[in-house]
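# Working through the structure, step by step
Residues per chain are reported as follows:
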Amino acid sequence: MFSEFEIVPATRDMLPDILALEEACFSSPWTRKMLEGELTSNHFAHFLVARHQQESATKAEPTIIGYHCFWIVFEELRLMNLAVRESMRRRGVGGALATEALRLGLARAATRAVLEVRVSNDPARSLYTRLGFAQISRRSRYYTNPIEDAVLMELNPLVISRGRQQDRNVASGGESASPHRL
Ligand SMILES: CC(C)(COP(=O)(O)OP(=O)(O)OC[C@H]1O[C@@H](n2cnc3c(N)ncnc32)[C@H](O)[C@@H]1OP(=O)(O)O)[C@@H](O)C(=O)NCCC(=O)NCCS
């Protein structure tokens, strides 16, 4: 039914869909209040969603298929929450959302990117490794529910890998959107 997606800045009216995705994807999900705080009151935070370009006529499926919240704090880009609807994974959505964060970070003069990820989260670790991140340390029992170590990963210097440079499909930062094929 859908064959393309676009990445756009999140807006308040998207919060219910974002919250539903958050709750489906994480064992300790952010609450609506936390998500709303990132969206409206944290001036370091950036919030993007991936959505189908055309809505279904019946609206049988939610429009939002992924989202990414990240912070740009002076020279540091910090990837916070990244999630893609389970049925839409392995089609490049997560990679596109993460790449857009790197692009925005570079545009704002960030020089390195960091993130934490559960040690058991092979899909996310492999996505970040593919983007050039490397493990720099491990934080013992960092996560709860279940308790688990975090791997701290860094991309330093902040660069966009060659295969991703053409991947421009985002309607953020004043740029016009072009579709990204699923
Ligand atoms: C991690 C996540 C965001 C990846 O999203 P996605 O849209 O499936 O990612 P992409 O399709 O862009 O994958 C890009 C690359 O990442 C790696 N990757 C992604 N999922 C993978 C998996 N299940 N197993 C192995 N490698 C995987 C692959 O290298 C993949 O490239 P390929 O498909 O060409 O082999 C998604 O699995 C998710 O939402 N997980 C639950 C929430 C979560 O854990 N978020 C991260 C918190 S740090």
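Scroll up to find the structure.
What this report covers is the structure whose coordinates are included nearby. From a predicted model like this one, the values you see are computed outputs, not experimental measurements.

On to the overall build of the chain, then. Scanning the chain for helices and strands turns up 4 helices and 8 strands. Expressed as a percentage of the 182 residues in the chain, the buried residues total 30%. Nonlocal contacts in the chain, meaning residues at least 24 apart in sequence, comprise 65% of its contacts between residues at least 6 apart.

Of all residues adjacent to the ligand, which total 19 residues, the nearest are Arg89, Gly94, Gly95, Pro123 and Leu127. Elements supplying a minimum of two residues to the shell around the ligand: β4 (76-84), α3 (93-107) and α4 (122-130). The leading source of residues in the shell around the ligand is α4, at 6 residues. In the shell around the ligand, the residues fall into 9 nonpolar, 5 polar and 5 charged.

Strand order in the open sheet formed by 8 strands is β6-β7-β5-β4-β3-β2-β1-β8, and the pairing between neighbours is mixed. Edge positions in the open sheet fall to β6 (134-143) and β8 (180-181), since each of these has one partner strand only. As paired strands, strand β1 (residues 4-9) and β8 are joined by 2 bridges and run antiparallel to one another. In the sheet register, phenylalanine 5 faces β8, and the bridge partner there is histidine 180.

What helix α1 (residues 15-25) keeps buried is the set Ile18, Leu21 and Glu22. Looking down the long axis of α1, one finds its buried residues gathered within 100° of arc, a one-sided arrangement. As for α1, its buried residues are in contact with α2 (32-40), β2 (45-52), β3 (64-73) and β4.

Within the secondary structure layout, arginine 138 lies in strand β6. Note: C-alpha distance between arginine 138 and valine 117 (21 residues apart in sequence) is 9.6 Å. Each residue touching arginine 138, except ones within four places of it in the same chain, is listed here: Asp149, Val151 and Leu152.

One can describe the packing of α1 onto α2 by two numbers: an axis separation of 10 Å at closest approach and a directional angle of 125°. Put simply, α1 runs oblique to α2. For the pair α1 and α2, the sense of crossing is right-handed. Contacts between α1 and α2 pair Leu15, Ile18, Leu19 and Glu22 from the former with Arg32, Leu35 and Glu36 from the latter. Of the residues contributing to the contact of α1 with α2, the split by class is 4 nonpolar, no polar and 3 charged.

Analysis parameters
- Residues numbered from 1 in each chain as written.
- Predicted model: local features only at pLDDT ≥ 70, side-chain atom pairs only at ≥ 80, totals over all residues.
- Helix = DSSP H or I, 4+ residues; strand = E, 2+ residues; numbered from the N terminus.
- Buried ≥ 20, exposed ≤ 12 C-beta atoms within 10 Å, placed from the backbone.
- Contact = placed C-beta atoms within 7 Å.
- Near = placed C-beta within 6 Å.
- Nonpolar A, V, L, I, M, F, W, Y, C, P; charged D, E, K, R; others polar.
- Pairing = 2+ DSSP bridges.
- Arc of directions from axis to C-beta.
- Axes fitted to C-alpha atoms, helices over the stretch in contact; angles between N-to-C directions.
- Parallel < 35°, antiparallel > 145°, perpendicular 65-115°, else oblique.
- Left-handed = near helix turned anticlockwise from the far one by under 90°.

In short, geometric facts, not functional conclusions.
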